[in-house]
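Take a look at the letters that make up each chain.
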Amino acid sequence: MTDQTVPMDQDIQPATSGDEGDLIALDTIDDIKRQLKSYLVHNVGVSPSYASQRDWLYAAAGVVRGLLSEQYMNTALREREQDVRRVYYLSLEYLTGRSLIKNLLDTGLYEKVRQALAELGQDIEAVSEFEYDAALGNGGLGRLAACFLDSLATHSYPGFGYGIRYEFGMFTQRIENGEQVEHPETWLRYGNPWEFERPNIIYPVRFRGRIASYKDDRGQDVRQWVDTEDVIAMAYDVPVSGHDSGVVTKLRLWSARATRDFDLKYFNQGNYIDAVKDKTISENLSKVLYPADTTLMGQELRLMQEYFFVSASLQDILARHNRSGHSLDKLPEKVCIQLNDTHPSLAIPELMRLLIDQYGYSYEKAWDITSHTFNYTNHTLLPEALETWPIAMLEALLPRHLDLIYKINFAFLQQVKIHFPGQPDILSRLSLVDDSHRRIRMAHLCVVGSSHVNGVAALHTDLMRINVFADFNRLTPEKFINVTNGVTQRRWLLQSNPGLSSLITEAIGDRWRTDLLAIKELEKFADDTGFRDRFAAVKRANKVRLAALVETRCGVRFSPDSLFDSQVKRIHEYKRQLLNLLHVITLYNRLCDGDDDIHPRNVIIAGKSAPGYFLAKQIIHLINDVAQVINNDPRTRGRLGLAFVPNYNVSTAEIVIPGTDLSEQISTAGTEASGTGNMKFALNGALTIGTLDGANIEIRDAVGEENIFICGMTAEGVAEMRAHGYRPWDFYHNNPALKRAVDMIASGFFTPDDPHRYQAIYDTLLSHGDHYFLMADFDSYAAVQDQVDKAYRDQGTWVRKAILNVANMGTFSSDRSIHDYAKKIWNISSLT
Ligand code: 26V
């Protein structure tokens, strides 16, 4: 089958334009009540008097989706008329969370819909709880993608997101006997009320087969990919609303379907069972999100997912470009593709393949177009997270792409030879092919095929230039730039912290919603004691809300008068949840020893471990074991608490972050590319205890060093200590409190029935070299925690610092990030 055999009738040009808007009236409360009831009866099929809370959710979502659809059509019309360059964001992950409240706030309908529902006997918050989190992502990278779509729409940029519609998103985490157990996430059980199914937007995606070489009539070598096994990609569209902009950005998610060819072949042979079996195999492609965010090399299904996604997206992009009437020569003028990490890196050889094999371009011209179309964001420096794929696997699954990657590599290395004559070492270091391991280095492919490569925080970009991409940086230094991450204040302040939002808006107006730099105005209220009191009252109310969540999920009671200290993020050795835990154990020991000079503190830890990451799972188990002991010890009751909140996700974050006093951002310097939780906490008036890592450094620069608690070594210090031979034992022996805490873990103090349970953790921290420098950083961390303890007791000063944190978060809005991308990389402007 060739690429063109599936008929397509998608995205048909409008016969008339501009008359799609204003089809539903939502002006008055009565209008809205009528629309809600009408949706219930006509679309949900339930009478208003019998409707459940979930039914009302679907009615509310259905009505808002209708409005967003109108706004999308208007946006699409403006884009066509203005014929502007558009950015396509390619990401295997989107961690969106819930959408009802977001979409209502964005469209200005929140208050009216709240009241309409209330008059119909429904509480909007209770109704919104029935929405499943869309959790099509692992963590930071996927959440960033969601924030970026929000900012693109809010600032009217011509943008478009592509992803996969995983049937099973991030797993649900349950804690059973202290351990993480993964349960499948059935978020589509009741259907996704936001999506539009597009059975007519389909593309074939090909796998396996072989390359047929021949000469064409002009005597040119032609290489065609034939005898392939095909899967169909079908689109689902999700509208992403802009805040107050009337612009809606489309997120198109691909779902895998078996081809009709398959069915026919087998049905004609009368083999019904095999037909259905093959159907299931192809449809597995979009079945599940891989829940790992570091190592996952050589999983064939994952590689197939990546290609499936990339191929469908590129076919769709080219089809749209062709419909616009422009020649493909002009592709880079009209299309800009951002690769969210290397996961979509096969887009580079795929575009080459389409241009050469399908559209007849020469290799050189195709490369000129391709390398001016792509840009690549790097999100991690951890060597184990840098994607490489076995050559043998690519050869079997995507022979034509491997062929093209070799050709790209050959041409690239020719350039390198000219630039660095007589330096064969540099050739093998820069090569796309890792010969000794027989693998393709996807990051190298991305750097070579992109116009710009960006890191996600200043330190990260520097380290990228010095370490992973040092040789590339000598070759093309102008390619490497920084765009520091950001978070959307619409979700992470307006929506998740209504109390603080109203207080801020009362004080300085609401410009901060779409221009976070305006929040700087708050600075002048930092010394206003009346304002401080109101700020503190909001924080307290948020702590009460968080305490209720902790009590429901963990069965422990936290007093809102204590210090709420949170570390919420994926569980990873480099993020050092263990360092936090070691400190908790030392506090516990001090309290048991009769030290009264400690302010009551409650520590919250939450996050998921990759299912196959043994040590991370041990860390979760240990946290729960330690929590059992501490929370049940009458000597420390009311003075120290520890809770592991299960199933951390976007909706949980919306409660944890506003209710936190102290934000833990303590990764080993040089390991956390940026972090974005750090920004969300500070924006909600938590003070940070953090290392000089990722964006923490820029946060310190913005808020001032007197308003943040910095601890631990610098990235340089870590590198130096690594180079000179680091001895964790020395630190262990020199700090009795640390030694005691480590020994308690190792000797089974928290697990008397299984005293050796945590041998592996002990080994990691000591015998195996403590790769993440917990022992080396403990002293400094504990000392700064003591400063925190003292500082918290002076509430006036603490609240002042918290206000100054909020006031100085302007630059950490994803709006700023998006403006940076638009200017420095994409060269696009807002729709007029
Ligand atoms: C990597 C892999 C590799 C194996 C296959 C599955 C998989 C899935 C995801 C990842 C991505 C890991 C990189 C990542 O999430 N980086 C985070 O990106 C955030 C946004 O830039 C940043 O704030 C965090 O510091 C960074 O860890």
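Residues numbered from 1 in each chain as written. Predicted model: local features only at pLDDT ≥ 70, side-chain atom pairs only at ≥ 80, totals over all residues. Heavy atoms only, no water.

Here we look at the sheet that holds strand β14 (residues 388-390)
Move 1: The strand order across the open sheet built from three strands is β14-β16-β15, with neighbouring strands paired in antiparallel fashion. Because the sheet does not close on itself, it has two edges, and the strands there are β14 and β15 (433-434).
Move 2: Sheet topology note: the β15/strand β16 (residues 439-441) ladder contains two bridges and is antiparallel. Counted as the bridge partner of Val433 is Ile440 from β16.
Move 3: Its contacts with the sheet place helix α16 (residues 442-449) against β14 and β16, and it is angled at close to 40 degrees to β16. (Pairing = 2+ DSSP bridges. Helix = DSSP H or I, 4+ residues; strand = E, 2+ residues; numbered from the N terminus. Contact = heavy atoms within 4.5 Å. Axes fitted to C-alpha atoms, helices over the stretch in contact; angles between N-to-C directions.)

Here's the deal with unusual backbone geometry
Move 1: Even without being glycine, Asn177 reaches a positive phi, approximately 50 degrees.
Move 2: Mapped onto the fold, Asn177 is located in the loop between β5 (172-176) and β6 (179-183).
Move 3: Of note in this structure, Asn647 is not a glycine but carries a positive phi near 55 degrees.
Move 4: Exposure remark for Asn647: the relative accessible area of 18% places this residue in the buried category. (Buried < 20%, exposed > 50% of the residue type's maximum accessible area, 1.4 Å probe, protein only.)

A short note on the site of the ligand
Move 1: With respect to spatial proximity, 19 residues lie near the ligand, and among them Ala292, His379, Asn485, Glu672 and Gly675 are the closest.
Move 2: One nitrogen or oxygen atom from the side chain of Glu672 is found 2.7 Å from an oxygen atom belonging to the ligand.
Move 3: Measuring from an oxygen atom of the ligand, one finds a backbone N or O atom of Gly675 at 2.9 Å.
Move 4: When the ligand sits alone it has 590 Å² of accessible area, and the protein chains cover 95% of it.
Move 5: The element that contributes the greatest number of residues to the shell around the ligand is helix α6 (residues 140-154), accounting for three residues.
Move 6: Each residue belonging to the shell around the ligand can be placed in one class, and the counts come to seven nonpolar, eight polar and four charged. (Near = heavy atom within 4 Å. Polar contact = N/O pair within 3.5 Å; in protein donor to acceptor, adjacent residues only side chain to side chain. Areas by Shrake-Rupley, 256 points an atom, 1.4 Å probe, with all protein chains shown as cover. Nonpolar A, V, L, I, M, F, W, Y, C, P; charged D, E, K, R; others polar.)

Comments concerning the nonpolar core
Move 1: In terms of nonpolar packing, the biggest core is built from 271 residues, with Phe207, Trp254, Phe308, Met775 and Trp826 touching the most fellow members.
Move 2: Sequence-distant contacts of Trp826, that is, excluding residues within four places in its chain, are made with Arg85, Val87, Leu152, Cys336, Gln338, Asn375, Ile818 and Tyr821. (Core = buried A, V, L, I, M, F, W, Y, C linked by side-chain atoms within 4.5 Å.)

Some details on α6
Move 1: Here α6 is 15 residues long and its end C-alpha atoms lie 21 Å apart, about the 21 Å a rise of 1.5 Å per residue gives.
Move 2: With 14 of 15 residues buried, α6 lies mostly within the body of the structure.
Move 3: Looking one or two residues past α6, Ser156 carries a phi angle of roughly 55 degrees, positive in sign. (Expected span 1.5 Å × (residues − 1).)

Considerations on a nonpolar patch on the surface
Move 1: Residues Tyr272, Ile273 and Val276 make up a contiguous nonpolar surface patch of roughly 310 Å² in combined accessible area.
Move 2: If you trace the backbone, Val276 turns up in helix α8 (residues 272-283). (Patch = residues over 30% accessible without salt bridge, like charges linked within 9 Å, V, L, I, M, F, W, Y side chains within 5 Å. Salt bridge = Lys/Arg side-chain N within 4 Å of Asp/Glu carboxyl O.)

Examining the sheet that holds strand β23 (residues 687-690)
Move 1: If you walk across this open sheet you meet the six strands as β21-β20-β19-β22-β23-β24, and the pairing is parallel. Edge strands, defined here as strands with exactly one partner in the open sheet, are β21 (640-645) and β24 (709-710).
Move 2: Where strand β19 (residues 563-568) meets strand β22 (residues 662-665), two bridges bridge the pair, whose relative direction is parallel. The partner of Ser566 across the bridge, within β22, is Ser663.
Move 3: Lying over the sheet, helix α21 (residues 529-554) contacts β19, β20 (601-606) and β21, oriented at roughly 70 degrees with respect to β21.
Move 4: Along the sheet, helix α23 (residues 614-631) makes contact with β20 and β21, crossing β21 at roughly 145 degrees.

Focus: the pattern of salt bridges
Move 1: Enumeration over the complete set of coordinates arrives at 61 salt bridges.
Move 2: For Asp462, the salt bridge goes to Arg465, with nearest N and O atoms at 3.3 Å. A residue pair is termed a helical-turn pair when its members lie 3 or 4 positions apart in one helix, as Asp462 and Arg465 do in helix α17 (residues 458-466) at three residues.
Move 3: The exposure class of Asp462 is partly exposed, given its relative accessible area of 37%.
Move 4: For Lys739, the salt bridge goes to Asp743, with nearest N and O atoms at 2.9 Å.

Digging into the layout of surface pockets
Move 1: Here the largest pocket defines a volume of roughly 1,100 Å³.
Move 2: Around the largest pocket, the lining comprises 43 residues; the ones closest to its centre are Arg98, Glu129, Asp133, Ser651 and Glu654.
Move 3: Listed by contribution, the elements that provide at least two residues to the lining of the largest pocket are α3 (100-107), α5 (124-128), β5, α19 (489-495), α20 (498-508), α21 and α24 (650-656).
Move 4: Classifying every residue of the lining of the largest pocket gives 14 nonpolar, 15 polar and 14 charged. (1 Å grid on protein atoms, 1.4 Å probe; cavity = no way out; pocket = protein on both sides within 12 Å on 5 of 7 lines; lining within 4 Å. Points joined across faces, edges and corners; volume = space filled by probe spheres on them.)

Focus: the packing of aromatic side chains
Move 1: Under the definition given, this model contains 25 aromatic pairs.
Move 2: Ring geometry for Tyr726 against Phe731: centres 5.8 Å apart, planes inclined by 50 degrees, an arrangement best described as tilted.
Move 3: Exposure remark for Tyr726: the relative accessible area of 13% places this residue in the buried category.
Move 4: Pairwise contacts between aromatic rings join Tyr88, Phe160, Tyr162, Tyr203 and Trp254 into one cluster.
Move 5: Over the ring of Phe171 we find Lys608; its NZ or CZ atom is 5.6 Å from the centre of that ring. (Phe/Tyr/Trp six-rings, centres within 6.5 Å; stacked < 30°, edge-to-face > 60°. Lys NZ or Arg CZ within 6 Å of the ring centre and 35° of its normal.)

Remarks on empty space enclosed by the protein
Move 1: The tally for this structure, following the rule as stated, stands at six cavities of 30 Å³ or more.
Move 2: The volume enclosed by the second largest cavity comes to roughly 380 Å³.
Move 3: Around the second largest cavity, the lining is made up of 30 residues, and of these Thr96, Gly97, Ser99, Ala134 and Val238 lie nearest the centre.
Move 4: Of all elements in the fold, only α2 (53-82), β2 (94-97), α3, β3 (134-136), α6, β10 (229-241) and β11 (248-258) reach the threshold of two or more residues within the lining of the second largest cavity.

Things to note about the pairing of strand β1 (residues 86-90)
Move 1: Extensive coverage of β1 is indicated by the burial of five of its five residues.
Move 2: Residues of β1 alternate between two faces, with Arg86, Tyr88 and Leu90 on one and Val87 and Tyr89 on the opposite face, all of them buried.
Move 3: The sheet contact formed by β1 and strand β12 (residues 335-340) spans five bridges and is parallel. Residue pairing in the sheet places Tyr88 in a bridge with Ile337 of β12.
Move 4: Across four bridges, β1 lies against strand β4 (residues 159-164) in parallel orientation. Note that in β4 the partner of Val87 across the bridge is Gly159.

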